[in-house]
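Structural description and commentary
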Amino acid sequence: MRIIERVDQLQECLAQYNNVGFVPTMGALHNGHLELAKQARKECEIVVVSVFVNPTQFNDKRDLERYPRTLDADAKLLESVGVDFVFAPTVEQIYPDEQKYVIEDESILPLTAVMEGAHRPGHFDGVVQVVGRLFDIVNPHKAYFGLKDYQQLAIIRKMVEVQNRSVEIVPCDIVRAEDGLALSSRNSLLTLQQRAVAPLIYRELIQIREKIDAGNHDYSKLVRDAILQINKNEYLCVQYIEVVDAVSLQEPAENKTVRVCAAVMCGDVRLIDNV
Ligand code: PAF
């Protein structure tokens, strides 16, 4: 496995391959990321994982500053699952000029305006910008994204569609700890007490799912009850829980498949999850 910092070097290494699998990450890797890399390993000739903490997607400067950076440990993990190249560029390599990858197409706006987009202004502009740039650099045939960032996945799919890119987007299941907490790089920032109560988020989402499956479509009440339960805990404070159309992320019409999405502050760590 090689660790590469420069765009030109990576492109030189990849030039001879035509089945490149790509996993974009911001590092601080956990088993969720490794599952993406393992799936890419099974399906592709060459696997590239990028490790880049993208400054343009952090609406909160403090969040950017304290985002865990663990490249040495990340590289060991990636080597253990057979990754070929770790692309760990500097900010200058990714953004050599002010070029933006903002999508003009209006069809993406409804996806970026809700949930995470409403609570983290500019976040998805940064995500679309960096993923567009990384796709241009790596030119992958398949790119792997976790379902934990459900809204991000929907936006990336839309981006690929409106920009007419040939990359296939492969969604991968959420990986959870034994107690149900969705794995996230931010979990390492939780105190022991916060970590102990964080699985309540998933338990409440499951409750909502079970009730919807049983025919209860009073989404506002289901959400209200779950928020009450979660907020009873001194370490937890819900930012939103929403039941949305699984594709459009808007208010669901009758008989449409829905996704239940949540963002909850656990102390000052922001956790997201969905079912
Ligand atoms: O999901 C993430 O870790 C990031 O948003 C991504 C896709 C690597 C872009 O920086």
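Look up: the structure comes first, before these words.
Small disclaimer: the values here were computed from a predicted structure and weren't measured.

So, about the nonpolar core. Nonpolar side chains tend toward joint burial in soluble globular proteins. Counting 48 residues, the largest nonpolar core has Leu10, Val48, Phe135 and Ile169 as its most contacted members. Looking at this core, the element that brings in the most residues is helix 8 (residues 123-138), giving nine residues. The residues touching Leu10, leaving out its near neighbours within four places in the chain, are Ile4, Val48, Phe85, Phe87, Ile137 and Val138. Core analysis: the second largest hydrophobic core is formed by 28 residues, Leu205, Ile241, Cys266 and Leu271 among them.

Right, let's get into helix 1 (residues 7-14). Those residues of helix 1 not exposed but buried are Val7, Leu10, Cys13 and Leu14. Buried residues in helix 1, looked at end-on, bunch into an arc of 130°, giving them a common side.

Space inside the second largest pocket adds up to approximately 220 Å³. For the lining of the second largest pocket, the secondary structure elements donating two or more residues are helix 6 (109-113) and helix 9 (150-162). At five residues, the largest contribution of residues to the lining of the second largest pocket is made by helix 9. Looking at the lining of the second largest pocket residue by residue, the class counts come to eight nonpolar, two polar and two charged.

Taken as a whole, this structure holds four aromatic pairs when the rule is applied. Here the aromatic cluster, defined as three or more aromatic residues joined through ring pairs, consists of Phe22, Phe135 and Phe145.

Take the pairing of strand 2 (residues 20-25) next. Judged by how many residues are buried, strand 2 sits mostly within the fold: six of six residues are covered. Both faces of strand 2 are covered, namely the face carrying Val20, Phe22 and Pro24 and the face carrying Gly21, Val23 and Thr25. Of the strand pairs in this sheet, strand 2 and strand 3 (residues 46-51) are connected by six bridges, and their pairing is parallel. Bridged to Gly21 within strand 3 is Val47. Between strand 2 and its parallel partner strand 3, the chain crosses via helix 2 (residues 31-43), and the hand of that crossover is right-handed.

Before going further, it helps to spend a moment on the sheet that holds strand 5 (residues 142-146). Strand order across the open sheet formed by six strands is 1-4-3-2-5-6, with parallel pairing between neighbours. With one partner strand each, in any of the chains shown, strand 1 (2-4) and strand 6 (168-172) form the two edges of the open sheet. Strand-to-strand twist of the sheet, defined as the mean angle between neighbouring strand axes without regard to direction, takes the value 25°. Packing against the sheet, helix 9 makes contact with strand 5 and strand 6, and its axis sits at approximately 170° to strand 6.

Our focus in this paragraph is the environment of Cys44. Tracing the backbone shows Cys44 in the loop between helix 2 and strand 3. On the accessibility criterion, Cys44 (6% relative accessible area) is buried. Separated by 23 residues in sequence, Cys44 and Gly21 have C-alpha atoms that sit 5.4 Å apart. With near-sequence residues (within four places) excluded, Cys44 lies in contact with Asn19, Val20, Gly21, Lys142 and Tyr144.

Criteria and cut-off values
- Residues numbered from 1 in each chain as written.
- Predicted model: local features only at pLDDT ≥ 70, side-chain atom pairs only at ≥ 80, totals over all residues.
- Heavy atoms only, no water.
- Core = buried A, V, L, I, M, F, W, Y, C linked by side-chain atoms within 4.5 Å.
- Buried < 20%, exposed > 50% of the residue type's maximum accessible area, 1.4 Å probe, protein only.
- Helix = DSSP H or I, 4+ residues; strand = E, 2+ residues; numbered from the N terminus.
- Contact = heavy atoms within 4.5 Å.
- Arc of directions from axis to C-beta.
- 1 Å grid on protein atoms, 1.4 Å probe; cavity = no way out; pocket = protein on both sides within 12 Å on 5 of 7 lines; lining within 4 Å.
- Points joined across faces, edges and corners; volume = space filled by probe spheres on them.
- Nonpolar A, V, L, I, M, F, W, Y, C, P; charged D, E, K, R; others polar.
- Phe/Tyr/Trp six-rings, centres within 6.5 Å; stacked < 30°, edge-to-face > 60°.
- Pairing = 2+ DSSP bridges.
- Right-handed = clockwise from strand over helix to strand, strands pointing away.
- Axes fitted to C-alpha atoms, helices over the stretch in contact; angles between N-to-C directions.

Read these as geometric descriptors, not functional statements.
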